[in-house]
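Listed below are the residues making up each chain.
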Amino acid sequence: MTDTLTLGKALNLGLRRAMEDDAKVVLMGEDIGRLGGVFRITDGLQKDFGEQRVVDTPLGEAGILGTAVGLAMRGYRPVCEIQFDGFVFPAYNQIVTQVAKLHARSRGRLPMPIVIRIPFGGGIGAVEHHSESPEAYFAHTAGLKVVAVSSPADAYWGIQQAVAHPDPVVFLEPKRRYWEKGVVDTDATPGPLFGSRVVRGGDDVTVLAYGPMVKTVLQAAEVAAGEGRSLEVVDLRTLSPLDLDPVYDSVRRTGRCVVVHEAPVTLGLGAEIAARVTETCFHSLEAPVLRVGGYDTPYPPSKLEEDYLPDLDRVLDAVDRSLGF
Amino acid sequence: MSVLSRTTELVDPVPGDGAPHLPDQPDLVQLLTPEGERVEHPDYSLDVSAEELRALYRDLVLVRRWDVEATALQRQGELGLWASLQGQEAAQVGAGRAMAAADMAFPTYREHGVAWTRDVDPLHVMSLFRGVDQGGWDPVATRFNLYTVVIGAQTLHATGYAMGMQRDGADGAALAFLGDGATSQGEVNEAMIWAATFAAPVVFFCQNNQYAISAPIERQSRVPLFQRASGFGFPGVRVDGNDVLAVLAVTRAALAAAREGSGPTFIEAFTYRMGAHTTSDDPSRYRLASELEEWALRDPIARLKAHLARTGAADRDFFDAVDAEGDELAVRIRTGTREMPDPAGTEIFDHVYAETTPELAQQRAEFVAYHASFEEA
């Protein structure tokens, strides 16, 4: 069946299907049951699956993740919702010292099929701690896998693939795109979860993005096309592991690469990607890999977030600088 | 549940005129006095045969022998570190022997005595402290989870596991071990909130050994720890942690209540860490020798031995036989530890994920090639 869905609704349907497919799937989080989640991603699920499978937890992120570990040890597949990106840090200890390590520590005897859903990124005019991009912390941690979706179709399939995956997955949802619509074919065969994808072909500069920045970069590519510049846009989709083979193929043709994310530039994903592209495509590069991202500041008050967040113009500025080398 | 204390009366946590850490304890559950005299408690009875008493004595002696041997092996350079349980044998053996086969233990890093009761091979614990692995036992088969070093994190795992048991309709409970220091951790408080909210079949077994490395209990709490439970909405009980019979009785009752759906219990096993925090610690910097002498009079093994001897439940031949068995165990542990092979370097990469990543597979291949390059040269 093909339908036009918002990204949020696609997640809701994907979660529903994951719960139908496997009775061991348990959703856990704050306000996810009766309320349906503050973004309504779990809307209606408690009504249909009951309070045992859609658990309104006490208010404590470490408690959510810590009890998820115990449930996973008991054979369950917990899907934990962290209400906002900035609230994941009380659970950081459990995620980094326990969830990420138990499979290795137990030499495979204790699988941790836990999904940690985090609405991430800014652009919604929120108060502080509601607009963060914490992906690098998790991508830096061995034992975790990290993905970021950018479209309703990827959201629908990605959440199901993450739930079915045997390793812990930090599942980043671009909260400012929850209301964006796209076509979802629920009978399609989805591509792999841990794969990047060329979402727009081009010849002059390779531009990489994930999550909320994919749309921004696609808009930039459209504008650039009007100016006679052809951008190839890659949606990274998976941040750990990284899938850069399509990026290398692209950069070998274009010779130029720009990485875009909302997170601060210093030691962000872009730094790792720039290093790898340089190591792998050194002789093809016509310009250094450039990074566009947030500044090395705390996320600002919302009246300033447009200054902080990469936008179409900053992407095009980086493209100009790359072409100027 | 009436057997479990729900007292909320505040007691001065700081001893006034007595010896340090030995306040008057009207709430302490005790079935065997430090002199080895069997006493009754109105809420906890224990029918225990002479054979069972001898078995408990054997556990205590062998666990201590293991611990002494491990400390010696660390001094000889065979272990990187050892966390001694000396003084806490009764708390651990009593709790461990209270568990049913289907129950699941969530230890800290000092629960060697509980490991013993779950038939974990001591060498699988030694391998951890030798640096060979992160614990060589199978946590699923032994129903004894891997050790947890980050303080208190395991209490949430135990609670989640118990919630899983509850969903499965399983006839079992989870036993979460923690220390006095851990009670200050946010995660432990979250675990108790979760456990209470969901009436999870979990028992929190806190060995209050009076010190979190150097910090005395007064640094963690202004009320006796067992009284905290009432604030979370479930029973708390303080038991003489050096009395294996009392610990056995109290833990059995709490586990039974949990299995029956009555929810969690917090047990404070009041005991003392006779040794250092670990072999890297120097307790002479923060506590007096006189305190140690006080607690030596409450030794968990001596009191059971006195009881066995006085009642004729065991004779000299039995005590000698247990000692001889301890020597054999020590030899096995010593030999087994020394002969433990170092793991293969590639184990760094194995089991990081259930499905390894192309990146990690590449790093592993590079590691192998790098080391092979030396062999070729």
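Given the structure is predicted, the values throughout are model-derived calculations rather than measurements.

## Some remarks on the UniProt feature "domain: Transketolase-like pyrimidine-binding" (unreviewed entry) in chain A
Annotation from UniProt places "domain: Transketolase-like pyrimidine-binding" (unreviewed entry) at residues 5–180 of chain A. Between the first and last C-alpha atoms of residues 5–180 of chain A the distance is 8 Å; the span itself is 36% helix and 18% strand.

## Description of the nonpolar core
Residue and element names in this part refer to chain B. Core analysis: the biggest nonpolar cluster contains 192 residues, and L175 and A176 have the highest contact counts within it. The biggest single contributor to this core is helix α9 (residues 244–259), with twelve residues. In this view, L175 contacts A95, M99, D103, A105, F106, V203, F205 and L255; residues no more than four positions away in its chain are not counted.

## A closer look at the packing of helix α1 (residues 50–75) of chain B against helix α12 (residues 316–338) of chain B
Residues and elements named next belong to chain B. Where α1 meets α12, the axes come as close as 9 Å, and the angle between the chain directions of the two elements is 35°. Helix-helix and strand crossings are classified by hand; for α1 and α12 the assignment is right-handed. Packed against α1, whose contacting residues are R54, Y57, R58, V61, L62, R65, W66, E69 and L73, the element α12 presents F318, V322, E325, G326, L329, A330, I333, R334 and T337 at the interface. A per-class count over the contact of α1 with α12 returns ten nonpolar, two polar and six charged.

## Section: the pairing of strand β2 (residues 25–29) of chain A
Within a regular strand, side chains alternate between the sheet's two faces. All names here are of chain A. Burial of β2 is extensive: five of the five residues sit out of reach of the surface. Burial of β2 is two-sided: the residues V25, L27 and G29 facing one way and the residues V26 and M28 facing the other way are all buried. Judged from the five bridges that link them, β2 and strand β4 (residues 77–81) form a sheet pairing that is parallel. Across the sheet, the residue bridging to M28 is C80, located in β4.

## Side note on the packing of helix α2 (residues 89–98) of chain B against α9(B)
Residues and elements named next belong to chain B. In contact at an axis separation of 8 Å, α2 and α9 are set at 40° when each is read in the N-to-C sense. Our pair here, α2 against α9, has a crossing hand that is right-handed. Residues A90, A91, V93, G94, A95, R97 and A98 of α2 lie in contact with α9, whose contacting residues are V244, V247, L248, T251, R252 and L255.

## Overview of the domain arrangement of chain A
Residue and element names in this part refer to chain A. Split by domain assignment, chain A resolves into domain 1 (2–185) and domain 2 (197–324). Inter-centroid distance (C-alpha atoms) of domain 1 to domain 2 is 26 Å. Contacts between the two partners involve 24 residues from domain 1, matched on the other side by 22 residues from domain 2. Put simply, the parts of the chain that give the side of domain 1 that touches domain 2 at least two residues each are α6 (135–139), β6 (145–148) and β7 (169–174). For the side of domain 1 that touches domain 2, the leading source of residues is β6, giving four residues. The class makeup of the residues in the side of domain 1 that touches domain 2 is ten nonpolar, seven polar and seven charged.

## A closer look at the interface of chain B and chain A
Taken residue by residue, the interface counts 33 residues in chain B and 33 residues in chain A. Taken together, the elements giving at least two residues each to the side of chain B that touches chain A come down to α5 (139–142), α6 (153–168), α7 (186–197) and α13 (358–376) of chain B. It is α6(B) that provides the largest number of residues to the side of chain B that touches chain A, a total of eleven residues. For the side of chain B that touches chain A, the residue count by class is 17 nonpolar, ten polar and six charged.

Each value, and the rule that gives it
- Residues numbered from 1 in each chain as written.
- Chains lettered and ligands numbered in written order.
- Predicted model: local features only at pLDDT ≥ 70, side-chain atom pairs only at ≥ 80, totals over all residues.
- UniProt positions renumbered as here; feature names shortened; annotations may be inferred.
- Helix = DSSP H or I, 4+ residues; strand = E, 2+ residues; numbered from the N terminus.
- Core = buried A, V, L, I, M, F, W, Y, C linked by C-beta atoms within 7 Å.
- Buried ≥ 20, exposed ≤ 12 C-beta atoms within 10 Å, placed from the backbone.
- Contact = placed C-beta atoms within 7 Å.
- Axes fitted to C-alpha atoms, helices over the stretch in contact; angles between N-to-C directions.
- Left-handed = near helix turned anticlockwise from the far one by under 90°.
- Nonpolar A, V, L, I, M, F, W, Y, C, P; charged D, E, K, R; others polar.
- Pairing = 2+ DSSP bridges.
- Domains from an automatic or database assignment.

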